[in-house]
Amino acid sequence: MSHDTTESWQLPQDPFLPQDEPLLPSFLDTEACLCQLQGRPDDNRKSGTRNMAWRCFGNQNEGYEKPLSGKWFLTTDGANSTSADILRIPINSAAHPPAIDKALQYDNKTRSLVPITSSQLSVWDQACTALNNTAFSTTFYQAAAESKRGDAPISAAPCWRAGAIPLQIQSVTDWQTNGCIEGFLCPNNTVNSLPQFCPPIEQCQMARLAGVVCSWDSVNLPMGVFEPIVCQGGHYCPVEDKGKKTYICPAGTYCQMGASTPTPCSVGSKCPEGSTYQLFIAPIGVLIALDVLLIIGMLLLRHRKKRKSDALGHQEPLLKTSKLMVNGIKSAFKGHAYNKVPKNQEKESENADLEQEITLMNATYIPRQQETWNGFQAALDIPVNALMSPVENRHNLEAGMTAEIRAFVESMRKATDTSDIGLSFGYFDLAFQPKGSARPILQNVTGEIRRGALTAVMGGSGAGKSTFVNVLMGKTPYTSGRVLINGSPGKLRRYKKVVGYVPQDDIVLPELTVWENLLHSARIRLPRTWKDAEIRAHVTAVIDCLELSHVRDSLVGSVSKPVLSGGQRKRVSIGMELAAAPMAIFLDEPTSGLDATAASSIMKTLKAVARLGISVIVIIHQPRMEIFEMIDDLILLANGQMIYEGPETEIQPFFERLGFHFPPHANFGDVVTDIITGNGRGYKKIGDISKDALISHWAASRQAQRSNTNTNDDNTPTQTRSHTPSHSRSASASSTSSDTAAILAVTPDFPPAEFTTAANNNDNNNNPYLMPPNTQNRRTSVTSLLSNPTATNTAMHRVLKTRGAPGWRQFQLCFSRAILQQYRALSIFWFEMGLATLAGFLLGLAEHAKKGVLFTGNYHQPYAILSVSSDFRSAPEMALLVCIAIGLVGAAPGVRVFSEELMVHRREAEAGHSRFAYFAAKSAAVVPRMAAACLHFTTPLLLLSATIVPWGVAFLANMLYFYCIYGLASGISMVVKREDAPLFATMISLIVGILSGAAPPLSTVRRWHMEWLWRASPGTWLAEIYFGQLVSPFRYLYNVDQAAEMSGYALDHLWRNMLVLIAIGTVYRVLAFCGLFVGKRMRM
């Protein structure tokens, strides 16, 4: 058995307990050696007087057994005395002190005291110093007195617990090698008083079970005089002092329990003397300064905006007065200063005034008075003559344009690089059948849409209207047939940059003004060669022509919180497309949800836009009579097939030839809707009125027309005869349609060949299967166009190539818009900041009682037995709470990044906007918001929890977790319905936080072979960062490797974990970006 093992079976030495009654002057030195004044063993004089010397020995048992062992020190005064005199000297006498500079040992060979040249002393005696340790000696004297009185030597008791037997925990060899372990205070331990463990008293036992070091009056207490004690918090125990001294932590540093060196406070932190943690003052100052600057900046911007608005409001009456004066003088010189207002114009003016009056009652803004002109609708007041040539009518139209309309037209021509700013569409045997569907949605659809015409697509539910329009716009690829654009075949998606689409709902950004919505659309979609001044001029012309000048700087608002009226919102929606200078505009039920006056005004505007040359195609349902008469051409569908395609003026004769009767003064829109939906029994008493019958009639008319064309020798269609509708209509309405046709017939249109006819054949006038006369007036066949592409294709290619801002510019514009949106939603921003602050405050408050001590491990051997109850869970649990708190704070705002405007994005993407530029800009624009929320969360958290995690590391880790949560919420918003997305995102963020490895521990999960699932969660990586930062600094004191093994976390992978969080957040965003393409289908 080894020496150390033998020692472990012996009771540890108690140097304070006299082994024998001390009769000679005695004291304990600094190494707990017992020093006694004796006569020199080498003084052989026969007389009773002998020279005196001090003998110091470590092991008292051995020292009494071997009276000549130990170290010998001569007295400083060279005193001599008899043995009897020595016995009369008190044991605590300080007379005749030892000369400690020269230690001697007894040489048995020479039988004399000789200098110590070779170590023949025991390990216990070698340590003796002969320096009086008054504290040790006092205890020794008290124990000796108690023994002398016959009392129990309580003063020398090694343990405070009565009857407790100490356990030596460190061997002589270990003590000589390592001494007192770093982080501990061993004031009474020497080689002769080795560290011991004493059973704790009851109160301290309870404290240790609770994970707390036993203390009294905030001072750590050992359970015995020779038991090491961990260094007091607020103090440090330097290694160079071998655990004998403790120092108070100086100002500017802090010392947690067990500190061997003071830890410098971070820059901007406060650490008074004796601090156990640091107070992060600088982040609080930064946070307050940031909030104050934000508030001041917002107030200044609002004040500036108010002053600008007041200045404009003051200048407006002066500018208007001067303008009216100039117009009056001009009119006077022309001789018609006073004109009689037509009754219909007076009525429209009254209606407009009434609408403005109602708007003023409901809106939160005060619109300026409207000018006397009617925007685009002024183009309808320009007189035209159907007998004139198209060139003459165009000249008259341009001569009669107002300055605003002229500016718009010139801008459109510049954008389209042509004088003909519209698109024409030709389609032959068009069909569409979805994959997996047994029946087609569209089939046998043949016809044309003329350039510069107002074309309406009508049909019942399921008739295929939307599919037909989507095919023409290139959104839906047709499965068979052919489509020509401006007489040239090609992929329809190529033209999406010059085709506008206005959805049924007014999809605009409510946080932006009218001007900002239109300007953004223009900057993205107009030619990239345009300067910003040209873009602004074009947008100004659009706003003026749409009669939105008085609400130009008003927010659009949402449906739930309206700012503009319904008609104005619809005009803004149309304006967003006109601002992009489209050559054709498709509108889905533009009058839906509007009152009769607003619907009529919108349709007049569209009619005027078509008159200027832009092709306008609307899906409309049961229009009122006034609106029905504004339509140039009609396309009627049922069951995905054609019922009628031709001029609106010929719809009544066409159906009357089929036996239908139009009641006098009836709304033709209602009558036509009833007929094409198979509900026309009230208009045809006898015969088949089904939709299939109507489709068959149209197919038969096509076949008859094809046969009629084949019998024509020269294959040249002649001019049709004029046709006057039999029903009662206003002359103005009829002439408007025909006149517009005359104006817009500038370039050859392109109908299918079977639409041509020899209209001078009188035998066919009463054929019920013959197509309407004006429908027969088509000049170019599909066949000829297919074989003879025009030079227009080259010009169109040039236009399409320059359309749209480059990707970097789109990113810049979308980023600026996103920042502006956040500025306009200040209440939501401050609510989020308040929620982040509250979450950080409550979490920090919950951890405040621990004073930053969030990890307690087992001490290194051999002091492990002194450990209090270990705490491996506080660090992962804090990380868990951080994950949950950030998830609750960031999930809902992360959803709002995209979910609130997915419809707007889809509309923009279909118009040619870069999806990547939009997504990247929105993701980048929210980074400052994430940083602000992280700052508001991290600052109170670290201030109250007082953790030893560096503020910068904690902020960066929390920021990256915010990054992950925002990315996760963005992905969820792509695939979950808007109203459900915040709840789903919050729930999934909660699940992700729970999978942080706190409970169950990651080590347990590893045994389940499920660690990959936990590692897929960003919460695990954040928890590993916190665990490493909270545990690794105590590596010198605790067995942190044991803690890492039991918890399952790695300790030293800080930057690897940071990079993994970046990677996870980026992957979430990649998935969210993919959701932009497929998310609509999943949300449905």
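Criteria and cut-off values
- Residues numbered from 1 in each chain as written.
- Predicted model: local features only at pLDDT ≥ 70, side-chain atom pairs only at ≥ 80, totals over all residues.
- Heavy atoms only, no water.
- UniProt positions renumbered as here; feature names shortened; annotations may be inferred.
- Helix = DSSP H or I, 4+ residues; strand = E, 2+ residues; numbered from the N terminus.
- Buried < 20%, exposed > 50% of the residue type's maximum accessible area, 1.4 Å probe, protein only.
- Contact = heavy atoms within 4.5 Å.
- Areas by Shrake-Rupley, 256 points an atom, 1.4 Å probe, with all protein chains shown as cover.
- Polar contact = N/O pair within 3.5 Å; in protein donor to acceptor, adjacent residues only side chain to side chain.
- Expected span 1.5 Å × (residues − 1).
- Pairing = 2+ DSSP bridges.
- Axes fitted to C-alpha atoms, helices over the stretch in contact; angles between N-to-C directions.
- Phe/Tyr/Trp six-rings, centres within 6.5 Å; stacked < 30°, edge-to-face > 60°.
- Salt bridge = Lys/Arg side-chain N within 4 Å of Asp/Glu carboxyl O.
- 1 Å grid on protein atoms, 1.4 Å probe; cavity = no way out; pocket = protein on both sides within 12 Å on 5 of 7 lines; lining within 4 Å.
- Points joined across faces, edges and corners; volume = space filled by probe spheres on them.
- Nonpolar A, V, L, I, M, F, W, Y, C, P; charged D, E, K, R; others polar.
- Disulfide = S-S within 2.5 Å.
- Core = buried A, V, L, I, M, F, W, Y, C linked by side-chain atoms within 4.5 Å.

Naming follows an unreviewed UniProt entry, where the protein appears as ABC transporter domain-containing protein of Podospora didyma. Word for word, the UniProt comment on the protein under Subcellular location (unreviewed entry) is "Membrane".

**Examining the overall build of the protein**
The number of helices and strands found in the protein is 37 helices and 29 strands. The proportion of buried residues among the 1084 residues of the protein is 52%. Put simply, of all contacts in the protein between residues at least 6 apart along the chain, 73% involve residues at least 24 apart. For the protein, the accessible surface area stands at approximately 48,900 Å², while carbon and sulfur atoms represent 58% of it.

**Considering the side chain of Asn667**
Tracing the backbone shows Asn667 in the loop between helix H18 (651-657) and helix H19 (668-676). A polar contact is formed between the side chain of Asn667 and the backbone oxygen of Pro623, at a distance of 3.2 Å. For Asn667, the side chain forms a polar contact with the main-chain nitrogen of Gly669, separated by 3.0 Å. Excluding its chain neighbours within four sequence positions, the residues that come into contact with Asn667 are Pro623, Arg624 and Met625.

**Comments concerning helix H15 (residues 566-578)**
Every α-helical turn comprises 3.6 residues, leaving residues that sit three or four positions apart pointing alike. A rise of 1.5 Å per residue sets the reference length of H15, with its 13 residues, at 18 Å; its end C-alpha atoms lie 18 Å apart and thus fit the reference within 8%. Of all 13 residues in H15, 12 are buried; the element is thus mostly enclosed. Looking at H15, one finds that the buried residues are Gly567, Gln568, Arg569, Lys570, Arg571, Val572, Ser573, Ile574, Gly575, Met576, Glu577 and Leu578.

**Some points on the sheet that holds strand E27 (residues 615-619)**
Read from one edge of the open sheet, six strands run E25-E26-E27-E22-E28-E29, paired in mixed fashion. Of all strands in the sheet, those bounded by a partner on one side alone are strand E25 (499-502) and strand E29 (641-647). On average, each strand axis in the sheet is tilted by 15° relative to the strand beside it, whichever way the strands run. With six bridges joining them, strand E28 (residues 633-638) and E29 adopt antiparallel strand pairing. Paired with Ala638 across the strands is Gln641, a residue of E29. Across the sheet, H15 lies against E25 and strand E26 (584-588), angled at about 165° from E25, the strand it touches most.

**A closer look at the packing of aromatic side chains**
We describe a pair of aromatic rings using the distance from one ring centre to the other and the angle between the two ring planes. For the structure on display, the rule yields 31 aromatic pairs. Ring centres of Tyr644 and Phe654 lie 5.1 Å apart, and the angle between their planes is 50°; on these two criteria the pair is classed as tilted. Of this pair, Tyr644 sits in strand E29 while Phe654 is found in helix H18, placing the two residues 10 residues apart along the sequence. Grouped by ring-pair contacts, the aromatic residues Phe184, Phe855, Tyr859, Tyr863, Phe872, Phe1034 and Tyr1038 constitute a single cluster.

**Some thoughts on the pattern of salt bridges**
Using the criterion set out here, one finds 30 salt bridges in the structure. With its nearest N and O atoms 2.9 Å apart, the salt bridge here joins Arg824 to Glu516. Highlighted residues: Arg824 in helix H25 (residues 807-824) and Glu516 in helix H13 (residues 514-525), separated in sequence by 308 residues. Judged by its relative accessible area of 25%, Arg824 is partly exposed. Three or more residues are tied together by salt bridges with common partners; here these are Arg1006, Glu1011, Arg1015, Glu1024 and Arg1056.

**Some thoughts on empty space enclosed by the protein**
The final tally for this structure, using the stated rule, is eight cavities of 30 Å³ or more. Approximately 270 Å³ is the volume attributed to the largest cavity. Along its surface, the largest cavity is lined by 17 residues, and Gln822, Arg896, Val897, Lys922 and Arg929 are the ones closest to its centre. Every element with two or more residues in the lining of the largest cavity is listed here: H25, helix H26 (826-848), helix H27 (874-899) and helix H29 (915-925). Considering only residue class, the lining of the largest cavity consists of eight nonpolar, two polar and seven charged.

**Observations concerning the state of the cysteines**
Throughout the structure, instances matching the rule amount to eight disulfides. Through a disulfide, Cys35 is tied to Cys56; the S-S separation comes to 2.0 Å. One disulfide, between Cys35 and Cys56, carries an S-S torsion of 115° and so falls in the right-handed class. With Cys35 in strand E2 (residues 34-39) and Cys56 in strand E3 (residues 49-57), the pair connects residues that are 21 residues apart, well separated along the chain. The exposure class of Cys35 is buried, given its relative accessible area of 0%. Here Cys180 is linked by a disulfide to Cys186, with a sulfur-sulfur distance of 2.0 Å. Between Cys180 and Cys186 the sulfur-sulfur dihedral comes to about 65°; the bridge is accordingly right-handed. Residue class for Cys186 comes out buried when judged on its relative accessible area of 0%.

**Here's the deal with the UniProt feature "transmembrane region" (unreviewed entry) in the protein**
UniProt annotation of "transmembrane region" (unreviewed entry) refers to residues 279-301, 825-846, 878-898, 981-1002 and 1058-1078 when read in the numbering used here. In this annotation, residues 825-846 is assigned 95% helix and 0% strand; the end-to-end C-alpha distance for the span is 32 Å. Between the end C-alpha atoms of residues 1058-1078 the distance is 31 Å, and the span holds 100% helix and 0% strand.

**Things to note about the environment of Tyr427**
For Tyr427, the position within the fold is in strand E20 (residues 425-432). Tyr427 sits 18 residues away from Val445 along the chain, and the two C-alpha atoms are 7.3 Å apart. A polar contact of 3.5 Å, which involves the side chain of Tyr427, links it to the backbone nitrogen of Glu448.

**Details of unusual backbone geometry**
Of the consecutive residues Gln861 and Pro862, the connecting peptide bond is found in the cis state with omega at 10°. Turning to its location among the elements, Pro862 is positioned in the loop between H26 and H27. Although it is not a glycine, Ser218 adopts a positive phi angle of roughly 65°. Among the secondary structure elements, Ser218 is positioned in the loop between strand E11 (215-216) and strand E12 (219-220). Judged by its relative accessible area of 60%, Ser218 falls in the exposed class. A positive phi angle, close to 55°, is found at Ala946, a residue other than glycine. Turning to its location among the elements, Ala946 is positioned in the loop between helix H30 (927-945) and helix H31 (951-975).

**Digging into the sheet that holds E20**
Read from one edge to the other, the open sheet built from four strands follows the order E21-E20-E23-E24, with strand pairing classed as antiparallel. The open sheet has two edge strands with one neighbour each: strand E21 (442-449) and strand E24 (488-489). Pairing between E20 and strand E23 (residues 480-485): five bridges, direction antiparallel. From the neighbouring strand, Phe425 faces E23, where its bridge partner is Ile485.

**Thoughts on the environment of Met903**
Residue position: Met903 is located in helix H28 (residues 902-910). Its relative accessible area of 47% is what places Met903 among the partly exposed residues. Taking the C-alpha atoms as reference points, Met903 and Leu509, separated by 394 residues in sequence, lie 9.9 Å from one another.

**Focus: the pairing of E3**
For E2 and E3, the ladder comprises six bridges, and the chain directions are antiparallel. Pairing of Leu37 across the sheet is with Trp54, part of E3. Strand direction decides the pairing type here: E3 and strand E5 (residues 80-82), joined by three bridges, are antiparallel. Bridging across to E5, Arg50 finds its partner in Ser81. Taken together, the four bridges between E3 and strand E4 (residues 71-74) define a ladder with antiparallel strand orientation. Bridging from a neighbouring strand, Cys56 pairs with Lys71 of E4.

**A few points about the nonpolar core**
In terms of nonpolar packing, the biggest core is built from 114 residues, with Phe408, Tyr427, Phe468, Leu578, Leu636 and Phe655 touching the most fellow members. The contact partners of Phe655, leaving out residues within four places of it in the chain, are Leu636, Ile643, Phe660, Phe662, Ile675, Ile676 and Leu694. Counting 109 residues, the second-largest nonpolar core is a separate cluster that includes Phe184, Ala891, Phe919 and Tyr1049.

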